[in-house]
Amino acid sequence: MVARAPDADQLIAQFASGRELPPCTVLVGDEILLVTEVADAWRAAATRQGCGERSHLVMDARSDWSVALATARNTSLFGDLRMLEISLPTGKPGKTGAEALQALATMSADGSVPDVRILIRLPLLDRATQQAKWAQALRSHTVWLDVPTIARTALPAWVAGRLARQQHQADAETLAWLCEKVEGNLLAAHQEIQKLALLYPAGALSLEQMQAAVLNVARYNLYDLRDAMLAGQASRALTVLAGLRAEGENLVLVLWAVGEEVRVLARLSQAGAGLDTALRAQRVFGARERLVRQALQRVPARAWAPALRHAFEIDCLIKGIPTDGRLQDPWDELARLVLRIAVAGSRRP
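A. How the structure looks around the overall build of the protein. In terms of helices and strands, the protein carries 17 helices and seven strands. In summary, the protein has a C-alpha radius of gyration of 21 Å against a globular reference of 20 Å for 349 residues, a match within 12%. The C-alpha extent of the protein, read off along each of the three principal axes, is 60 × 55 × 45 Å. Expressed as a percentage of its 349 residues, the buried residues of the protein come to 48%. When the accessible surface of the protein is split by element, carbon and sulfur atoms take 54% of a total near 17,100 Å². Mean positive and mean negative side-chain charge positions of the protein (40 and 37 charges, respectively) differ by 5 Å.

Quick look at the structure:
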């Protein structure tokens, strides 16, 4: 009998238990909210165990992987433990990156880097990539943790659990309404749950209360930005983005929303005849599905990988890491990414 993989909450509890962190941990998953929460728990555990310095590298096949190896080998002058986080959003390290990951796996296993705790973040890997030597090396020599996504059918229970944390309850009809409204998007559901905590005291929530809270949104919201971008409405998309900025929306959250959409479309663009199945797998339904199909028809498949890279570079800018060829203000650079998707494939006079 195959053991069921622990869910995100169980992984968070493991890190909070006080157990010693392994030399190298690999987090694998596509659900941004859940992976981020588990990574935060790992980071908190590392801090409690004496890791006072943190290095974070966002890598891909074109990156200088010698930096990752040098950072792992670097010894603190005072012998303190350090954190090294390596994010590989594409799941494709390239030849040099594959060799570096194998080396990191070996070093962490044989004790060559005793004063560093390594966290490697990966998306879900396709079958071929799972069989690559670097992936097999990580599975063999590190603690590999899959962060399961929440199936659409399980979303009401997940929402109910999150509501319970803030001492709220809702009946099945109310939970179903919220899940339908967020279209299976965990990050959107998380936002709405947090809003409910601010608006209502502990206790049962009625459907009317839920609807009033969720529908009483700001003039601009992330759904408007997503829809305008997918529909090719460049002017509307930039107007919404500017409105979100003026209203004080969190830039990281806005980038997540845009980047998540780009990531999903990049995957769907490779689905070919299996698009219907791929849409279900990515939990794309309803009005969003129509917009996604339009965007896939309008935007050339080759455009998605550079757009994905663009999103990662904006993330670097937010973290204060200068990136060649990009504007200093990450909001302005995000506008360029949104415009890039909105106008791609449009006919020019």
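B. View of the side chain of T174. Within the element layout of this structure, T174 appears in helix α8 (residues 172-181). Aside from chain neighbours lying at most four places away, what touches T174 is L205, S206, L207 and M210.

C. Region of interest: the packing of helix α11 (residues 222-231) against helix α15 (residues 286-298). At their nearest, the axes of α11 and α15 sit 8 Å apart, and the two run at 35 degrees to each other. In contact with R226, D227, M229, L230 and A231 of α11, α15 contributes R288, L291, V292, A295 and R298. By residue class, the composition of the contact of α11 with α15 is six nonpolar, no polar and four charged.

D. View of the pairing of strand β1 (residues 24-28). Of all five residues making up β1, five are buried, and the element is well covered by its neighbours. Residues C24, V26 and V28 of β1 are buried on one face, and the alternating residues T25 and L27, pointing to the opposite face, are buried as well. Direction of pairing for β1 relative to strand β4 (residues 116-122): parallel, over a ladder of five bridges. When the sheet's bridge partners are listed, V26 is paired in β4 with I120. Note that β1 and strand β5 (residues 143-146) share four bridges and pair parallel. Note on β5: the bridge partner recorded for V28 is D146.

E. Quick peek at unusual backbone geometry. Although it is not a glycine, Q167 sits at a positive phi angle of roughly 65 degrees. Along the polypeptide, Q167 turns up in the loop between α7 (155-165) and β6 (168-170). On the basis of relative accessibility, which here comes to 54%, the residue Q167 falls in the exposed class. Positive phi outside glycine occurs at R283, with the angle close to 60 degrees. By secondary structure assignment, the location of R283 is in the loop between α14 (275-281) and α15.

F. The arrangement of the environment of F285 in detail. When you line up the elements, F285 lands in the loop between α14 and α15. Its relative accessible area of 23% is what places F285 among the partly exposed residues.

G. Representation of the packing of aromatic side chains. Evaluation of the coordinates by the stated rule reveals zero aromatic pairs. The ring of W144 is capped by R139, whose NZ or CZ atom sits 4.2 Å from the centre of that ring.

H. Region of the structure containing the layout of surface pockets. Estimates place the volume of the second largest pocket at around 290 Å³. Lining the second largest pocket are 15 residues, with V58, M59, S63, R309 and C316 positioned closest to its centre. Looking at the lining of the second largest pocket, the elements with two or more residues in it are β2 (51-58) and α16 (304-318). Here the lining of the second largest pocket takes four residues from α16, the largest share from any one element. The class makeup of the residues in the lining of the second largest pocket is eight nonpolar, two polar and five charged.

I. Region of the structure containing the pattern of salt bridges. Counted under the stated rule, the structure contains 30 salt bridges. For R43, the salt bridge identified is with D40, shortest N-O distance 2.7 Å. With a gap of three residues between them, R43 and D40 both fall in helix α2 (residues 32-48), about one helical turn apart. Residue classification places R43 among the buried residues on the basis of a relative accessible area of 18%. For D40, a relative accessible area of 38% gives the class partly exposed. Across the pair R336 and E333 runs a salt bridge whose closest N-O atoms are separated by 3.2 Å. Taken together, the residues R336 and E333, both in helix α17 (residues 330-343) and three residues apart, mark about one turn of the helix. Accessibility expressed as a relative area gives 37% for R336, which makes it partly exposed. On the basis of relative accessible area, E333 is assigned to the buried category, the value being 0%. Shared partners join several salt bridges into a network, and the residues in it are D60, R309, E313, R326, E333 and R336.

What counts, and at which threshold
- Residues numbered from 1 in each chain as written.
- Predicted model: local features only at pLDDT ≥ 70, side-chain atom pairs only at ≥ 80, totals over all residues.
- Heavy atoms only, no water.
- Helix = DSSP H or I, 4+ residues; strand = E, 2+ residues; numbered from the N terminus.
- Rg over C-alpha atoms; globule rule 2.2 N^0.38 Å.
- Buried < 20%, exposed > 50% of the residue type's maximum accessible area, 1.4 Å probe, protein only.
- Areas by Shrake-Rupley, 256 points an atom, 1.4 Å probe, with all protein chains shown as cover.
- Lys, Arg positive; Asp, Glu negative; His and termini not counted.
- Charge placed at Lys NZ, Arg CZ, Asp CG, Glu CD.
- Contact = heavy atoms within 4.5 Å.
- Axes fitted to C-alpha atoms, helices over the stretch in contact; angles between N-to-C directions.
- Nonpolar A, V, L, I, M, F, W, Y, C, P; charged D, E, K, R; others polar.
- Pairing = 2+ DSSP bridges.
- Phe/Tyr/Trp six-rings, centres within 6.5 Å; stacked < 30°, edge-to-face > 60°.
- Lys NZ or Arg CZ within 6 Å of the ring centre and 35° of its normal.
- 1 Å grid on protein atoms, 1.4 Å probe; cavity = no way out; pocket = protein on both sides within 12 Å on 5 of 7 lines; lining within 4 Å.
- Points joined across faces, edges and corners; volume = space filled by probe spheres on them.
- Salt bridge = Lys/Arg side-chain N within 4 Å of Asp/Glu carboxyl O.

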